[in-house]
Amino acid sequence: MSKILLETKNLKKSFNHSNGSIILFDNLNLKIREGDLVALVGPSGSGKSSLLHLLALLDDPNKGQIIINNKNTHDFKVFEKDELRRENISIIFQDNNLLTDFTAIENVMMPLIIKGENKKSIFKKAENILKEVKILNRSEHFPNQLSGGEQQRVAIARALISGTRIILADEPTGNLDHKTSKEIFSLFLKLKKLKKTIIFATHNRELANRADYKLYISEGNIKRANARK
Ligand SMILES: Nc1ncnc2c1ncn2[C@@H]1O[C@H](COP(=O)(O)OP(=O)(O)O)[C@@H](O)[C@H]1O
Ligand SMILES: [Mg+2]
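Cut-offs applied
Positions within a chain are numbered from 1, following the residues in the order the chain's sequence is written. Lettering of chains starts at A and numbering of ligands starts at 1, both following the order in which they are written. Totals for whole chains, interfaces and linings use every residue, but because this is a predicted model, local features are given only for residues with pLDDT of at least 70 and side-chain atom pairs only at 80 or more, for both listing and counting. Here the side-chain values reflect all heavy atoms present in the structure, with hydrogen atoms and water set aside. Each residue is assigned to one of three classes by its accessible area relative to the maximum for its type, calculated with a 1.4 Å probe on protein chains only: buried under 20%, partly exposed between the two thresholds, exposed over 50%. Helix and strand assignments come from DSSP, with helices taken as H or I runs of at least 4 residues and strands as E runs of at least 2, each series counted from the N terminus. Only when DSSP finds a minimum of two bridges between them are two strands counted as paired. For helices, the fitted axis covers only the stretch in contact; all axes are lines through C-alpha atoms, and the angles between them, taken along N-to-C directions, range from 0 to 180 degrees. Proximity is defined per residue: if any heavy atom of the residue lies within 4 Å of a molecule or strand, that residue is considered near it. Pairs of N or O atoms are called polar contacts if they sit within 3.5 Å, as long as, within protein, a hydrogen donor faces a hydrogen acceptor (for residues adjacent in sequence, only side-chain-to-side-chain pairs). Per-residue and other accessible areas were derived by the Shrake-Rupley procedure at a 1.4 Å probe size, with only the shown protein chains allowed to occlude residues. Note on definitions: a residue-residue contact is assigned when non-hydrogen atoms from the two residues lie within 4.5 Å. Each nonpolar core is a collection of buried residues, namely Ala, Val, Leu, Ile, Met, Phe, Trp, Tyr and Cys, held together in the definition by side-chain atoms within 4.5 Å. One speaks of a salt bridge when a side-chain nitrogen belonging to Lys or Arg is within 4 Å of a carboxyl oxygen belonging to Asp or Glu.

Visitor: When you look at helix α1 (residues 48–55) in this model, what are you seeing that I'm missing?
Guide: Of all eight residues in α1, six are buried; the element is thus mostly enclosed. Taken together, the buried positions of α1 are occupied by Lys-48, Ser-50, Leu-51, Leu-52, Leu-54 and Leu-55. Looking one or two places after α1, you find Leu-57, whose phi comes out positive at around 60°.

This is the structure:
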């Protein structure tokens, strides 16, 4: 069996609202292995985005622990979390978060520019990835010159360029048409073959059913269900 890359122990997340608190989940124990392609499903408001934010160490749980690549992050300082995230995790946010003052290709290059890699080689890599997600013909466009679906493909390309072993994607195909969604999913399958671990939140049943398994979250419960029957 392949090694466990992401683990949660007794994880709890709740939010306080003016009319009381809501518990998204409690005592959540997950073990996600290298090469797992996991669909996170459940109704809107069930906590999919919140869970992905926790796993990305962008938010703190109320209780419990998150272990990434054998490192228990419970007592990590902010800079330690940042470092662990940078080295291990790529995130595709629901609202793609592209930098508006930069072109598509510059957005994709950004994670490696921050790392200080050679610009020419970054440019080549970015071109290859944009080609792979079929958006190379828009590489010099700014985000506001792209459709929602095109922006999402650029965001996916940006997540892939750093080559991290964990990819967390929040409704990555939410703005995409059927055909492009399937192409993005094929890309996930390719990444899985490279032993990448991918967790993607989705409302798309067809894609969820093609994952290795589903995590179904609803009213404070998370159940694991086999996708393929
Ligand atoms: N920062 C926050 N403060 C308070 N409540 C929040 C916050 N983020 C999310 N929530 C609440 O938590 C619940 C789950 O949200 P979310 O994780 O975005 O669900 P999903 O992604 O499954 O649609 C929602 O009821 C939402 O209002
Ligand atoms: Mg969400």
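Visitor: Help me out: how do you make sense of the sheet that holds strand β3 (residues 37–41) in this one?
Guide: Either a parallel or an antiparallel arrangement is found when strands of a sheet pair, and the pairing is made through backbone hydrogen bonds. Pairing within the open sheet is mixed, and its six strands lie in the order β6-β7-β8-β3-β9-β10. Here the strands that pair on one side only, and so sit at the sheet edges, are β6 (89–92) and β10 (221–226). On average, each strand axis in the sheet is inclined to that of its neighbour by 15°, with strand direction left out of account. Here five bridges tie strand β7 (residues 166–170) to strand β8 (residues 197–201), and the two strands are oriented parallel to one another. Directly across from Leu-168, in β8, lies its bridge partner Ile-199.

Visitor: Could you clarify how one ought to interpret the site of ligand 1 in this entry?
Guide: Around ligand 1 sit Phe-15, His-17, Ile-22, Leu-24, Pro-43, Ser-44, Gly-45, Ser-46, Gly-47, Lys-48, Ser-49 and Ser-50, and those are all the residues in its vicinity. Within the contact set of ligand 1, an oxygen atom lies 3.0 Å away from a backbone nitrogen or oxygen of Gly-47. For ligand 1, the accessible surface in isolation is 560 Å², of which the surrounding protein chains cover 61%. Only β1 (4–17), β2 (20–33) and α1 provide two or more residues apiece to the shell around ligand 1. Counting residues per element, the shell around ligand 1 draws most heavily on α1, at three residues.

Visitor: Explain the sheet that holds strand β4 (residues 63–68) here, please?
Guide: Taken in spatial order, the four strands line up as β2-β1-β4-β5 in an open sheet, and their pairing is antiparallel. Bordering the open sheet on either side are β2 and β5 (71–72), each of which pairs with just one other strand. Contacts between α1 and the sheet are confined to β1, β2 and β4, with β1 contributing the most and set at about 125° to the helix.

Visitor: I tried to follow the nonpolar core on my own but got confused; where do I start?
Guide: In summary, soluble globular proteins display a tendency toward joint burial of nonpolar side chains. With 37 residues, the main nonpolar core has Phe-188 and Phe-200 as its most contacted residues. Among the elements of the structure, β3, α3 (104–115), α4 (119–132), α5 (148–161), β7, α6 (178–193), β8 and α7 (205–209) are those that each provide at least two residues to this core. No other element matches the seven residues that α5 contributes to this core. Apart from the residues lying within four places of it in its own chain, the contact partners of Phe-188 are Leu-37, Ala-169, Pro-172, Ile-198 and Phe-200. Within the second largest apolar cluster, 27 residues are counted, among which are Leu-5, Ile-68, Ile-89 and Leu-215.

Visitor: So what exactly am I meant to see when it comes to the pattern of salt bridges here?
Guide: When the charged atoms of two side chains with opposite charge come close together, those side chains can pair. Scanning the entire structure with this criterion turns up eleven salt bridges. For Asp-26, the salt bridge goes to Lys-63, with nearest N and O atoms at 3.4 Å. With Asp-26 in strand β2 and Lys-63 in strand β4, this pair connects stretches of sequence that are 37 residues apart. Taking the relative accessible area as the measure of exposure, Lys-63 reaches 38% and is therefore partly exposed. The residue Glu-150 makes a salt bridge to Arg-138 at a minimum N-O spacing of 3.2 Å.

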